Amino acid sequence: MADHEMEANILEDLYSWIDQVPLSRPKRDLKRDFSDGVLVAEVVKHFVPSIVEMHNYSSALAVNKKLVNWQILNRKVFRKLGFEVNDDVVKNIVNCQPSAIDQFLLLLRKKIEQSSMQRAKSNQPEVGQG
């Protein structure tokens, strides 16, 4: 299989995973739709409800407000999933750079799946509030 075909299959699988989540607004252009972090928070809340408090996030068009949402995600949510998103990646996402959100969502799905497997193994409740 060619690299392009494999990448297309991976992205198709990713988009199917996202489609499982009842989002508060329709998806039109993922790089724009997810740039403010609100839909990212909704995705995490769908799979790991106890670590996201949606009142912390507001829809934003201004880059500085988008950055605030991503800082909260990093501090209160991603750390509980065992990772942080570096500033360069966040800037690429909030500035709607091509493929930045795709790469991030692939990582997020992996971290959510790892967290789910760890909880299942230990039969523990979800990690704390965020």
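Procedures and definitions
The residue numbering used here restarts from 1 in each chain and proceeds along that chain's sequence as written. The predicted nature of this model means local features are confined to residues of pLDDT at least 70 and side-chain atom pairs, given and counted, to a pLDDT of 80 or more, with totals for whole chains, interfaces and linings taken over all residues. Side-chain measures were taken over the full set of non-hydrogen atoms in the model, leaving aside hydrogen atoms and water. Both site types are read off a 1 Å grid over the protein atoms alone. A 1.4 Å probe that fits but cannot get out defines a cavity, while an open set with protein on both sides within 12 Å along at least five of seven lines defines a pocket; lining residues have an atom within 4 Å of a point. Grid points are joined across faces, edges and corners, and a volume is the space filled by probe spheres set on the points. Secondary structure follows DSSP: runs of H or I at least 4 residues long count as helices, runs of E at least 2 residues long count as strands, and numbering of each begins at the N terminus. Any residue that is not Ala, Val, Leu, Ile, Met, Phe, Trp, Tyr, Cys, Pro, Asp, Glu, Lys or Arg is counted as polar, Gly included; the first ten are nonpolar and the last four charged. Centres within 6.5 Å make a pair out of two Phe, Tyr or Trp rings, where for Trp the six-membered ring is used; the pair is then stacked when the planes are under 30 degrees apart, edge-to-face when over 60, and tilted otherwise. Burial status follows relative accessibility: with a 1.4 Å probe on protein chains alone, a residue under 20% of its type maximum counts as buried, one over 50% as exposed, and anything between as partly exposed. Between two residues, a contact is recorded if the distance between any of their heavy atoms is within 4.5 Å.

Participant: Lay out the layout of surface pockets in plain terms, naming residues and giving numbers.
Facilitator: Reported here for the largest pocket is a volume of approximately 170 Å³. Lining the largest pocket, in full, are Leu67, Trp70, Gln71, Asn74, Arg75, Arg79, Glu84, Asp87, Val90 and Lys91. When residues of the lining of the largest pocket are assigned to their parent elements, the largest contribution, five residues, is made by helix α4 (residues 63-77). Residue composition of the lining of the largest pocket, by class: three nonpolar, two polar and five charged.

Participant: How would you summarise the packing of aromatic side chains if you had to cite specific residues and measurements?
Facilitator: Under the definition given, this model contains five aromatic pairs. For the ring pair Trp70 and Phe78, a centre distance of 6.1 Å and an interplane angle of 50° mean the geometry is tilted. Judged on exposure class, the residue Trp70 and its partner Phe78 are both buried. Judged by centre distance (5.2 Å) and plane angle (80°), the ring pair of Trp70 and Phe104 falls under edge-to-face. Residue Trp70 is found in helix α4, and its partner Phe104 is found in helix α6 (residues 100-122); the two are separated by 34 residues along the sequence. Here Trp70 matches Phe104 in class, with each residue buried.

Participant: Just give me the short version of the environment of Trp70, but keep the residues and values in it.
Facilitator: With a relative accessible area of 0%, Trp70 lands in the buried category. Between the C-alpha atoms of Trp70 and Asp36, which are 34 residues apart in sequence, the distance is 7.3 Å. For Trp70, the contacting residues outside a window of four places in its chain are Phe34, Ser35, Asp36, Gly37, Val40, Phe78, Val90, Ile93, Val94 and Phe104.

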